[in-house]
Amino acid sequence: MQNQISPHGTTILAVRRGEHVALAGDGQVTLKDTIMKHRAKKVRKLFKEKILVGFAGATADALNLFERFEGKLEQFNGNLTRSAVELAKDWRTDKYLRRLEAVLVAADSDQLFLISGNGDVIEPDEGILGIGSGGAYAQAAAMALIRHTELDARSIAGAAMKIAASICIYTNEEITMEHL
C-alpha cells in the first residue's frame with residue numbers, strides 16, 4: 001500500500017531485576033522523516049495496575065491490541081501467560097487482527113513476554129526485552145548495565161533508554177516509565 005503513511009520507529013524496553021520490573025518507552029512519533037509528536041505514551045498499566053504493557057508499531061493498531069489484551073486479562077483473571085497466548089492466537093488467526101502492525105511487550109511481577117501477530121509469545125532468557133527501532137540499542141545497554149552494575153530495574157531502564165536515544169534517530173529522551 002504505497003499511498004499509506006505509516007508511523008516509523010519507537011523504543012520500548014523492559015528490564016527485570018530481582019523482584020522488580022520496569023517498562024520504559026520513548027515519546028517520539030515519526031511519520032516518514034518528520035517528528036509529529038514528542039511525548040506520546042506508549043507504556044501503561046492494565047488489569048488493576050498489575051500488568052505493564054508497551055507497544056511498538058502503528059498507534060491505532062496498538063491501542064486496539066491493548067483493549068483486546070485487557071479483555072483477555074479480565075477473562076483469565078490476570079493470568080499473563082494465558083492471556084498472552086490467547087491474544088497471540090487470536091491475532092494470528094483472525095482475518096482483521098492479522099493486518100494489525102504492532103508488537104507488544106507485557107510484564108507482571110513474575111514474567112515478561114514479547115507478543116506478536118505471528119503468534120509469538122517469547123519470554124527472554126535474561127529478563128531484558130527491547131522492541132522498536134531503538135530496541136536493540138536499549139537492550140544492549142541494559143544488558144551491559146545489569147551485568148556490570150548494581151543499579152535497580154528503573155535506573156537501568158532509564159539509563160539504557162537515554163543511550164538508545166543518543167544512537168537511534170527515531171528515539172527521543174521523553175521517557176515514560178511504569179514499574180512493579
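Coordinates for the structure precede this section.
Residues numbered from 1 in each chain as written. Predicted model: local features only at pLDDT ≥ 70, side-chain atom pairs only at ≥ 80, totals over all residues. Heavy atoms only, no water.

Chemist: Outline the overall build of the chain, supporting the account with residue identities and numerical values.
Modeler: A tally of helices and strands in the chain yields 4 helices and 11 strands. Here the C-alpha atoms of the chain give a radius of gyration of 15 Å, agreeing with the 16 Å that 2.2 N^0.38 yields for 180 residues. Reported as C-alpha extents along the three principal axes, the dimensions of the chain are approximately 45 × 40 × 25 Å. Put simply, the chain has 180 residues, and 47% of those count as buried. Taking all contacts inside the chain whose residues are at least 6 apart in sequence as the whole, residues at least 24 apart take part in 62%. Of the side chains in the chain, 22 bear a positive and 23 a negative charge, and the two mean positions are spaced by 4 Å. (Helix = DSSP H or I, 4+ residues; strand = E, 2+ residues; numbered from the N terminus. Rg over C-alpha atoms; globule rule 2.2 N^0.38 Å. Buried < 20%, exposed > 50% of the residue type's maximum accessible area, 1.4 Å probe, protein only. Contact = heavy atoms within 4.5 Å. Lys, Arg positive; Asp, Glu negative; His and termini not counted. Charge placed at Lys NZ, Arg CZ, Asp CG, Glu CD.)

Chemist: So what's going on with a nonpolar patch on the surface? Which residues, and what values?
Modeler: On the surface, a cluster of nonpolar side chains totalling about 260 Å² of accessible area is made up of Tyr137, Ile163 and Ile167. Mapped onto the fold, Ile167 is located in helix α4 (residues 153-167). Note on Ile167: relative accessible area 46%, which makes it partly exposed. (Patch = residues over 30% accessible without salt bridge, like charges linked within 9 Å, V, L, I, M, F, W, Y side chains within 5 Å. Areas by Shrake-Rupley, 256 points an atom, 1.4 Å probe, with all protein chains shown as cover. Salt bridge = Lys/Arg side-chain N within 4 Å of Asp/Glu carboxyl O.)

Chemist: A description of the packing of aromatic side chains should follow, citing residues and the corresponding values.
Modeler: In this structure the tally under the stated criterion is 1 aromatic pair. Their ring planes at 75 degrees and their centres at 5.6 Å tell us that Phe55 and Phe66 sit as a pair that is edge-to-face. Placement of the pair is Phe55 in strand β6 (residues 51-57) and Phe66 in helix α1 (residues 59-75), with a sequence separation of 11 residues. (Phe/Tyr/Trp six-rings, centres within 6.5 Å; stacked < 30°, edge-to-face > 60°.)

Chemist: Give me the lowdown on the sheet that holds strand β5 (residues 43-46), citing residues and values where you can.
Modeler: Strand order in the open sheet made by the 5 strands is β5-β6-β7-β8-β9, with antiparallel pairing throughout. Both edges of this open sheet fall to β5 and β9 (121-122), since each of them pairs with a single strand only. As defined by bridge partners, β6 adjoins strand β7 (residues 102-107) across 6 bridges and the pair is classed as antiparallel. Its bridge partner lying in β7, Phe55 is registered against Leu104. Where α1 meets the sheet, its contacts fall on β5, β6, β7 and β8 (112-116), and the angle it forms with β6 comes to roughly 155 degrees. Helix α2 (residues 80-93) contacts β6, β7, β8 and β9 of the sheet and is inclined by roughly 10 degrees relative to β8. (Pairing = 2+ DSSP bridges. Axes fitted to C-alpha atoms, helices over the stretch in contact; angles between N-to-C directions.)

Chemist: I'd love a proper account of the sheet that holds strand β10 (residues 128-132), names of residues and values included.
Modeler: Strand order across the open sheet formed by 4 strands is β10-β1-β2-β11, with antiparallel pairing between neighbours. Two strands in the sheet have a free side with no partner beyond their single neighbour: β10 and β11 (176-179). Across the sheet, the axes of successive neighbouring strands diverge by a mean angle of 10 degrees, strand direction being ignored. Relative to β10, strand β1 (residues 11-17) runs antiparallel, the two sharing 5 bridges. Paired with Ile12 across the bridge in β10 is Ile131.

Chemist: Before we move on, could you go through the nonpolar core and cite the residues and values that matter?
Modeler: Within the largest apolar cluster, 21 residues are counted, with the highest numbers of intra-cluster contacts made by Ile51, Val53, Leu65, Phe69, Leu104 and Ile115. When residues no more than four places from it in sequence are discounted, the contact partners of Val53 are Leu23, Lys42, Val43, Arg44, Leu46, Phe66, Phe69, Leu104, Val105 and Ala106. Listed in part, the 16 residues of the second largest apolar core include Ala24, Ile128, Ala138 and Ala142. (Core = buried A, V, L, I, M, F, W, Y, C linked by side-chain atoms within 4.5 Å.)

Chemist: How would you summarise the environment of Ala24 if you had to cite specific residues and measurements?
Modeler: Within the secondary structure, Ala24 is located in strand β2 (residues 20-25). Expressed as a C-alpha distance, the spacing of Ala24 and Ile163, which sit 139 residues apart in the sequence, is 13 Å. Those residues within four positions of Ala24 in sequence are excluded, and the remaining contacts are Thr11, Ile12, Leu13, Val43, Ala157, Met161, Ile175, Thr176 and Met177.

Read these as geometric descriptors, not functional statements.
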